[in-house]
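What follows is the residue order along each chain.
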Amino acid sequence: MGIKWKVPVLTQIILLLFEYINVKPRFYTREQVAQALAEYLCGLSSWRVSLPHSTLLYYFRRLSYVRYVVSLSGVYAVDENKVLSVKGEYYYLWIVRD
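Residues numbered from 1 in each chain as written. Predicted model: local features only at pLDDT ≥ 70, side-chain atom pairs only at ≥ 80, totals over all residues. Heavy atoms only, no water.

Chemist: I would appreciate a short explanation of helix 3 (residues 53–64) in the present structure.
Modeler: An α-helical turn contains 3.6 residues, so a residue and the one three or four places further along point in the same direction. For helix 3, which comprises 12 residues, the first-to-last C-alpha distance of 16 Å matches the rise-based estimate of 16 Å (1.5 Å per residue) to within 8%. Inspection of helix 3 places Thr 55, Leu 56, Tyr 59 and Leu 63 among the buried residues, and these make up the whole buried set. Projected down its long axis, helix 3 carries its buried residues within an arc of 100 degrees, all on one side. (Helix = DSSP H or I, 4+ residues; strand = E, 2+ residues; numbered from the N terminus. Expected span 1.5 Å × (residues − 1). Buried < 20%, exposed > 50% of the residue type's maximum accessible area, 1.4 Å probe, protein only. Arc of directions from axis to C-beta.)

Chemist: Explain the environment of Trp 94 here, please?
Modeler: Inspection of the secondary structure assignment puts Trp 94 in strand 2 (residues 90–97). For Trp 94 and Val 78, which are 16 residues apart along the polypeptide, the C-alpha to C-alpha distance reads 6.9 Å. In contact with Trp 94, not counting residues within four places along its chain, are Val 78, Asp 79 and Glu 80. (Contact = heavy atoms within 4.5 Å.)

Chemist: Explanation requested: the packing of helix 2 (residues 30–41) against helix 3 in the structure shown.
Modeler: It is at 10 Å that the axes of helix 2 and helix 3 come closest, and there the two elements cross at 85 degrees. Overall, the two elements helix 2 and helix 3 adopt an arrangement that is roughly perpendicular. On helix 3, the residues touching Val 33, Ala 36, Leu 37, Tyr 40 and Leu 41 of helix 2 are Leu 56, Leu 57, Tyr 59, Phe 60 and Leu 63. When the residues that make up the contact of helix 2 with helix 3 are grouped by side-chain class, the tally is 10 nonpolar, no polar and no charged. (Axes fitted to C-alpha atoms, helices over the stretch in contact; angles between N-to-C directions. Parallel < 35°, antiparallel > 145°, perpendicular 65-115°, else oblique. Nonpolar A, V, L, I, M, F, W, Y, C, P; charged D, E, K, R; others polar.)

Chemist: Sorry, what's going on with a nonpolar patch on the surface here?
Modeler: There is a patch of nonpolar side chains on the surface, built from Leu 72, Tyr 76, Val 78, Tyr 92, Trp 94 and Val 96 and spanning about 690 Å² of accessible area. A total of three residues in the nonpolar patch trace back to one element, the largest contributor, which is strand 2. Here Tyr 76 lies in the loop between helix 3 and strand 1 (77–84). (Patch = residues over 30% accessible without salt bridge, like charges linked within 9 Å, V, L, I, M, F, W, Y side chains within 5 Å. Areas by Shrake-Rupley, 256 points an atom, 1.4 Å probe, with all protein chains shown as cover. Salt bridge = Lys/Arg side-chain N within 4 Å of Asp/Glu carboxyl O.)

Chemist: How should the packing of aromatic side chains be read in this particular structure?
Modeler: The geometry of an aromatic ring pair is captured by the separation of the ring centres together with the interplanar angle, meaning the angle of the planes. Under the criterion given, the structure shown has three aromatic pairs. Between Tyr 40 and Phe 60 the ring centres are 5.4 Å apart and the planes differ by 85 degrees, which places this aromatic pair in the edge-to-face class. Of this pair, Tyr 40 sits in helix 2 while Phe 60 is found in helix 3, placing the two residues 20 residues apart along the sequence. Exposure remark for Tyr 40: the relative accessible area of 25% places this residue in the partly exposed category. For Phe 60, a relative accessible area of 32% corresponds to the partly exposed category. An angle of 80 degrees between the planes, with centres 4.9 Å apart, marks the rings of Tyr 58 and Tyr 59 as edge-to-face. Take Tyr 58: its relative accessible area is 44%, and that puts it in the partly exposed class. An aromatic cluster is defined as three or more aromatic residues linked by ring pairs; in this entry it consists of Phe 18, Tyr 58 and Tyr 59. (Phe/Tyr/Trp six-rings, centres within 6.5 Å; stacked < 30°, edge-to-face > 60°.)

Printed below as a string of structure tokens:
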């Protein structure tokens, strides 16, 4: 499990969280902030991402206060797909429904 596929997945999750808590960045797009946060969470220094480190840490703290409660029934349906990327690498995509 390398950083190559963690960043796109984390970016999508962060974008969903931004929609959930209604975050609207003023000087950057949601995608730029989500990408920078995903890179930071995958181990890149806050000084080396595409945003100023103070902006990055502001949104990191903002997301750290999210509390999302999901009620689960205990009955799940799982679907697994093997996806071939453009560069010939295979990824697995799981969809889980409650």
